[in-house]
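# Commentary on secondary and tertiary structure
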Amino acid sequence: MEKMLLIESCGVLHKPVLKEEAGGSDGKWTASVWKLGEMNLNGRIYSRPLAERIVAEAKSTLAYDGHDVNWITGEEYGIAKAVCSNPRIEGNELRVDIEFVDSEYEKRLELLSSKGVAIGVSSVGYGELDPMSNVIVPETYELVRYLDFVTMPAGEVYATMGEKARPTRQRRSAETVVKTEADEAMAERRSKVARDLASLLIRR
């Protein structure tokens with residue numbers, strides 16, 4: 001099976017209400033990369049064994065503003081907004097720390113966050129998808145970037161500052177997803193958008 005480009009945007013932006021996190025005051029940025037064992041809005045599931053492998057590898061990666069900016073500009077390091085590192089599993093999430101290298105961009109995100117705008121993130125990698133279970137096959141996955149900053153995160157994952165956190169939201173488990181006809185139609189449209197975007201990036 002040929003590996004495909006896996007980017008986790010093209011979902012619907014759900015803006016959580018930000019609230020003060022007890023004891024947090026250092027202003028450090030972190031983000032959830034994947035909700036483990038849960039189907040995202042692109043119909044893919046990232047497993048704990050895959051996350052454990054990513055944690056063991058302990059890579060540091062760049063983070064861009066959106067996925068397509070390097071192809072558009074031809075730049076690589078010059079467009080980097082942050083460095084992501086220290087992957088770890090917390091609960092059912094793969095999380096990383098974010099250290100900004102573009103101070104003006106960080107200020108912009110801080111301002112947006114202070115206005116109640118959720119800062120979405122989306123991972124980038126290559127891998128194979130098990131067609132029966134929709135699980136990314138762990139041994140095939142190649143991490144490119146833990147995250148880029150996006151407005152439509154398919155994993156419904158967000159970057160937050162140390163003193164702020166997302167409230168806990170009820171999630172669908174991969175085994176008990178029950179959709180209405182409208183949900184199924186929307187999921188099909190989102191999946192088509194994701195496939196079309198992935199095909200476009202591969203052709204480039």
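Residues numbered from 1 in each chain as written. Predicted model: local features only at pLDDT ≥ 70, side-chain atom pairs only at ≥ 80, totals over all residues. Heavy atoms only, no water.

### As for the environment of L112
- Mapped onto the elements of the fold, L112 is located in helix α3 (residues 103-114).
- Setting aside anything within four residues of it in sequence, one finds L112 in contact with V117 and I119. (Helix = DSSP H or I, 4+ residues; strand = E, 2+ residues; numbered from the N terminus. Contact = heavy atoms within 4.5 Å.)

### Describing the pattern of salt bridges
- Applying the stated criterion to the full structure yields nine salt bridges.
- E90 is the partner of R95 in a salt bridge, and the nearest nitrogen-oxygen pair spans 3.4 Å.
- The partly exposed category is assigned to E90, whose relative accessible area is 39%.
- In this structure, D148 engages R145 in a salt bridge whose closest nitrogen and oxygen atoms are separated by 2.7 Å. (Salt bridge = Lys/Arg side-chain N within 4 Å of Asp/Glu carboxyl O. Buried < 20%, exposed > 50% of the residue type's maximum accessible area, 1.4 Å probe, protein only.)

### Brief notes about α3
- With 12 residues, α3 should cover 16 Å at 1.5 Å per step; its first-to-last C-alpha distance of 16 Å lies within 8% of that length.
- Within α3 the residues assigned to the buried category are Y105, L109 and S113. The buried side chains of α3 occupy one side of the element, clustering within an arc of 75 degrees when seen end-on. Exposed residues lying more than 90 degrees from the buried face of α3 are E104, K107 and R108.
- Regarding α3, its N-cap is D102, as a side-chain oxygen of that residue lies 3.2 Å from the backbone nitrogen of E104 further along.
- Residue G116 follows α3 closely and has a positive phi angle near 95 degrees. (Expected span 1.5 Å × (residues − 1). Arc of directions from axis to C-beta. Polar contact = N/O pair within 3.5 Å; in protein donor to acceptor, adjacent residues only side chain to side chain.)

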